[in-house]
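# Inside the fold
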Amino acid sequence: MSQKGRPRSFDRDAALQQAMRVFWQKGYDGASLSDLTTAMGINSPSLYAAFGCKEALFREAADLYSATEGVDIWKAFESPSTAREAMANFLRASAIAFSEPGDPKGCLIVLGALNPSDGNLEVFRDLSHRRQANVEDFKNRLKLAIVQGELPATVDCEAVSVFYLAVQQGMSIQARDGASRERLLSIGEGAMAAWDGLTSGSAGISPSRAP
């Protein structure tokens, strides 16, 4: 049976790649429909036919970003190592990815929709959920380190995880502001200097007790 309708005259995957870069550079709110269709090489009806709407297109673009641009960051974190090495590798890989020549600076998942509004609320929530999932990944790695005897059982896994994710998110903003790769790497190294204190499990320096 022949397929009804006219076949798409564009490469959907290539168009999505271009949309991802527009969202990465301008964010969800800053990327106009004209910006997207121009970069994708299609018209508005083709965009809606292929992706449904701008919000659905953004979600696919964010998925693509995580599966391609963000993959080296998480490979570094998940490589066999101690929890300390995993976190150091994560921050180092983030600094490199956020400052890659020829790419938009920073992280799409962090910068895609920083301020919730009526026009982007679902996108903001989606990105927030993605970032929270990263906290859970950190917590699970720290819990494994406790089981393996690398860290004491009294470590506040939530607080340590939130701290290092905040560092990475700050690196993303610094990159967008023009920080060099060397500066981003130094930020990561500075954060790792706090590791022993944050993971000692001592009540007096537990991050959750900070004001």
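Residues numbered from 1 in each chain as written. Predicted model: local features only at pLDDT ≥ 70, side-chain atom pairs only at ≥ 80, totals over all residues. Heavy atoms only, no water.

What follows covers the overall build of the protein. For the protein, the count of helices and strands is 11 helices and 0 strands. Starting at the N terminus, the α and β elements of the protein follow one another as α-α-α-α-α-α-α-α-α-α-α. With the C-alpha coordinates aligned to their principal axes, the bounding extent of the protein is approximately 65 × 40 × 35 Å. Classification of the 211 residues of the protein by burial places 41% in the buried group. (Helix = DSSP H or I, 4+ residues; strand = E, 2+ residues; numbered from the N terminus. Buried < 20%, exposed > 50% of the residue type's maximum accessible area, 1.4 Å probe, protein only.)

Before going further, it helps to spend a moment on the UniProt feature "domain: HTH tetR-type" (unreviewed entry) in the protein. Annotation from UniProt places "domain: HTH tetR-type" (unreviewed entry) at residues 9-69. Helix makes up 80% of residues 9-69 and strand 0%, whereas the separation of the span's terminal C-alpha atoms amounts to 27 Å. (UniProt positions renumbered as here; feature names shortened; annotations may be inferred.)

Counted according to the given criterion, the structure contains 12 aromatic pairs. Taking the centre distance of 6.1 Å and the plane angle of 15° together, the rings of Phe23 and Tyr28 count as stacked. Judged by its relative accessible area of 7%, Tyr28 falls in the buried class. With 5.0 Å between their ring centres and 90° between their planes, Phe90 and Phe138 make a pair best called edge-to-face. Of this pair, Phe90 sits in helix H6 (residues 83-98) while Phe138 is found in helix H8 (residues 121-147), placing the two residues 48 residues apart along the sequence. (Phe/Tyr/Trp six-rings, centres within 6.5 Å; stacked < 30°, edge-to-face > 60°.)

The interhelical angle for the contact between H8 and helix H9 (residues 157-176), taken along N-to-C directions, is 130°, at an axis separation of 9 Å. Accordingly, the angle class assigned to the pair H8 and H9 is oblique. Viewed along their axes, H8 and H9 form a crossing whose handedness is right-handed. Counted together, Arg131, Asn134, Val135, Phe138, Lys139, Leu142, Lys143 and Ile146 of H8 and Cys157, Glu158, Val160, Ser161, Val162, Tyr164, Leu165 and Gln169 of H9 form the full contact between these two elements. Classifying every residue of the contact of H8 with H9 gives 9 nonpolar, 3 polar and 4 charged. (Axes fitted to C-alpha atoms, helices over the stretch in contact; angles between N-to-C directions. Parallel < 35°, antiparallel > 145°, perpendicular 65-115°, else oblique. Left-handed = near helix turned anticlockwise from the far one by under 90°. Contact = heavy atoms within 4.5 Å. Nonpolar A, V, L, I, M, F, W, Y, C, P; charged D, E, K, R; others polar.)

What follows concerns the confidence of the model for the protein. Per-residue confidence for the protein averages 91 on the pLDDT scale, and 91% of its residues sit at or above 70. Per-element averaging of pLDDT across the protein places helix H5 (residues 71-78) at the bottom with 91 and helix H10 (residues 181-192) at the top with 98. Predicted confidence for residues 1-7 stays below pLDDT 50, and this span has 0 contacts to residues more than four positions away or in other chains. (pLDDT = per-residue confidence, 0-100.)

What follows concerns the pattern of salt bridges. For the coordinates displayed, the defined rule picks out 12 salt bridges. Of the charged contacts, one joins Arg21 and Asp103 as a salt bridge, the two residues approaching to 3.0 Å between their closest N and O atoms. Placement of the pair is Arg21 in helix H1 (residues 12-30) and Asp103 in the loop between H6 and helix H7 (108-111), with a sequence separation of 82 residues. The exposure class assigned to Arg21 is partly exposed, which follows from its relative accessible area of 23%. Given the relative accessible area of 19%, Asp103 is considered buried. (Salt bridge = Lys/Arg side-chain N within 4 Å of Asp/Glu carboxyl O.)

Ranked by size, the top nonpolar core spans 63 residues in total, and within it Phe23, Leu36, Met40, Leu57, Phe98, Tyr164 and Trp195 carry the most contacts. Considering each element in turn, this core owes the most residues, 10 residues, to H6. Look past the residues within four positions of Leu36 in its chain and what remains in contact with it is Ala19, Val22, Phe23, Ala31, Leu47, Lys54 and Leu57. (Core = buried A, V, L, I, M, F, W, Y, C linked by side-chain atoms within 4.5 Å.)

Now for the environment of Ala15. Residue placement: Ala15 occurs in helix H1. Residues Ala15 and Ile42 lie 27 residues apart in sequence; the distance between their C-alpha atoms is 8.1 Å.

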